[in-house]
Amino acid sequence: MLGLLAEEPRHGFGLAKAMAADGEIGRVWALSTPLVYRALSTLQTKGMATIAGTERSDLGPQRQLIRPTEEGRASLAGWLSEPVGHVRDTRSLLMLKLAFIVRSGGDPAPLLRAQEEVFRPVLERFQEQVEEARPGFDRMLMLWRVESVRAAMAFLARAPEAMLPGAAGRG
C-alpha cells in the first residue's frame, strides 16, 4: 500500500483496483477491497499515511486522496532495501519489493545482491542436510529445499538481464 501511495496520492478505490488479482500489483500480491480499506485506516492510525486532498468522483461523493507521511516513506525505503528471510517469500515479498523498486526507477541490484547473501548460506546448509537426511521422504524434502534455493539463486543471478532492452528473447 505504501509503495503505491509513494508513487502518487491515491484514493481507496484506486488502491483496491491496483491490488485486485488482475491489478498492476495484485498479480504479485492481491488484497480484497475490504482489506485495502482496513490497511489504509491502519496506515493512517500509525501515522504512516495522511489525507492529501480530495478528488471528484462521478460515481459518488468526493474521494479522499492519501499519501505517505515522511515516517511512511522512511518505513517503505527500509522495507524495500531489506532482503526476505525465507526462500518461500521470493515469489511474494521479494517480487513485490522488486516491482516497487523498478516502478520507482530505482536500481534493484543492491537488493538482489543482498538477497543472494542471505540465500547462499541457506543453500549450503540444505546441501549438507541432504547428505544427512534419512532415505525416503526426509531426503526428498531436503532435495526439494535445495532445488528451491538453487532456483531462487538462479533467478537472482539472471534478474538484472530483465532490465536490459531486448531481454525478453534471451534465455
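Basis of the calculations
Position labels on residues start from 1 in each chain and follow its written sequence. Local features in this predicted model are restricted to residues whose pLDDT is 70 or higher, and side-chain atom pairs enter the listing and the counts only when it is 80 or higher, whereas totals over whole chains, interfaces and linings include all residues. Side-chain numbers come from the whole structure's heavy atoms, not from hydrogens or water. Salt bridges are defined by distance alone: a side-chain nitrogen of Lys or Arg within 4 Å of a carboxyl oxygen of Asp or Glu. The buried label applies to any residue whose accessible area, calculated with a 1.4 Å probe on protein chains only, is under 20% of its type's maximum; exposed applies above 50%, and partly exposed to all values in between. To qualify as a nonpolar core, a set must consist of buried Ala, Val, Leu, Ile, Met, Phe, Trp, Tyr and Cys residues joined through side-chain atoms within 4.5 Å. In DSSP terms, a helix is any run of H or I states spanning at least four residues, a strand is any run of E spanning at least two, and both are numbered starting from the N terminus. Throughout, a residue-residue contact means that at least one pair of heavy atoms, one from each residue, lies within 4.5 Å.

### Quick notes on the pattern of salt bridges
Scanning all chains against the criterion turns up 9 salt bridges. For Glu-7, the salt bridge is made with Arg-10, and the minimal N-O distance between the two is 3.0 Å. The partly exposed category is assigned to Glu-7, whose relative accessible area is 31%. One salt bridge connects Arg-103 with Glu-24, and the closest N-O pair in it is separated by 2.5 Å.

### Details of the nonpolar core
Phe-119 and Val-149 are the most contacted members of the largest nonpolar core, which has 40 residues in total. Only α1 (2–7), α2 (12–19), α3 (33–45), α4 (70–81), α5 (90–103), α6 (109–132) and α7 (137–158) provide two or more residues apiece to this core. If one sorts the elements of this core by residue count, α6 sits on top with 7 residues. For Phe-119, the contacting residues outside a window of four places in its chain are Val-84, His-86, Val-87, Thr-90, Val-149, Ala-152, Met-153 and Leu-156.

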